[in-house]
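Residue strings, one per chain:
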Amino acid sequence: MDLTPYFKSVLDQDRAPVVLCNLEHIVIYMNPAAGSRYAQQGGMALVGRSLLDCHGPGSHEMIRKVVAWFQESGSHNLIYTSRNDEENKDVYMVALRDESGALIGYYEKHEYRDRETGARYEFRP
């Protein structure tokens, strides 16, 4: 069974931005939340472009260091990169690995810390 459409749907439904990159730092996927979040920088048109084009030289160096750390060990899979107090969130880089454990890319993960405000089982779009 091909699980690809299921995994894509999981990412597409996530309210947090998700940006996947290959090892050449090319954006290979953005979910709709990421397209909206990065609209000022080009939104969904960033797919196919280098993530490094969206960052300054200091960030380039850190992104490359993180990818090198991911490559050192299959147990190196998550690193904290920043905190945004205004949005009450932490941001991480996460390794993407194939079935053999080989590093194939990475993604940016946003974790919001706000308590849910909706009622339990509230049916809303």
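Below, the structure is looked at part by part.

The rules behind the values
- The residue count restarts for each chain, going from 1 along the sequence in the order it is written.
- Local features in this predicted model are restricted to residues of pLDDT 70 or higher, and side-chain atom pairs are both shown and tallied only at a pLDDT of 80 or more, whereas totals for entire chains, interfaces and linings draw on every residue.
- Hydrogens and water molecules were not included; the side-chain quantities draw on all heavy atoms of the structure.
- In this description, a nonpolar core means a group of buried Ala, Val, Leu, Ile, Met, Phe, Trp, Tyr and Cys residues linked to one another through side-chain atoms lying within 4.5 Å.
- Three labels apply to residues, based on accessible area from a 1.4 Å probe with only protein chains included: buried if under 20% of the type maximum, exposed if over 50%, partly exposed otherwise in between.
- Here a helix means four or more residues in a row that DSSP labels H or I, a strand means two or more in a row labelled E, and each is numbered from the N terminus.
- Contacts are assigned to residue pairs that have any heavy atoms within 4.5 Å of one another.
- Site definitions follow a grid-based scheme: protein atoms alone, a 1 Å grid, a 1.4 Å probe that fits but cannot get out for cavities, and for pockets an open set with protein on both sides within 12 Å along at least five of seven lines, plus lining residues having an atom within 4 Å of a point.
- Grid points are joined across faces, edges and corners, and a volume is the space filled by probe spheres set on the points.

### Examining the nonpolar core
If you look at soluble globular proteins, the nonpolar side chains tend to sit buried side by side. Counting residues in hydrophobic clusters, the biggest one holds 17 residues, and the most contacted among them are Val19, Met30, Phe70, Met93 and Tyr106. Elements supplying a minimum of two residues to this core: strand S1 (18-22), strand S2 (27-30), helix H3 (57-72), strand S4 (89-97) and strand S5 (103-112). Residue contributions to this core peak at four residues, all from H3. In this view, Val19 contacts Val27, Tyr29, Met30, Ala34, Tyr38, Tyr106, Tyr107 and Glu108; residues no more than four positions away in its chain are not counted.

### Let's talk about the layout of surface pockets
Quantified by volume, the largest pocket comes out at close to 650 Å³. Together, 26 residues line the largest pocket, and Tyr38, His55, Ile63, Val91 and Glu108 are the ones closest to its centre. Those elements that place two or more of their residues in the lining of the largest pocket are S1, S2, H3, strand S3 (78-84), S4 and S5. Reported here for the second largest pocket is a volume of approximately 240 Å³. Around the second largest pocket sit Asp14, Arg15, Ala16, Lys109, His110, Glu111, Tyr112, Asp114, Arg115 and Glu116, which together line it.

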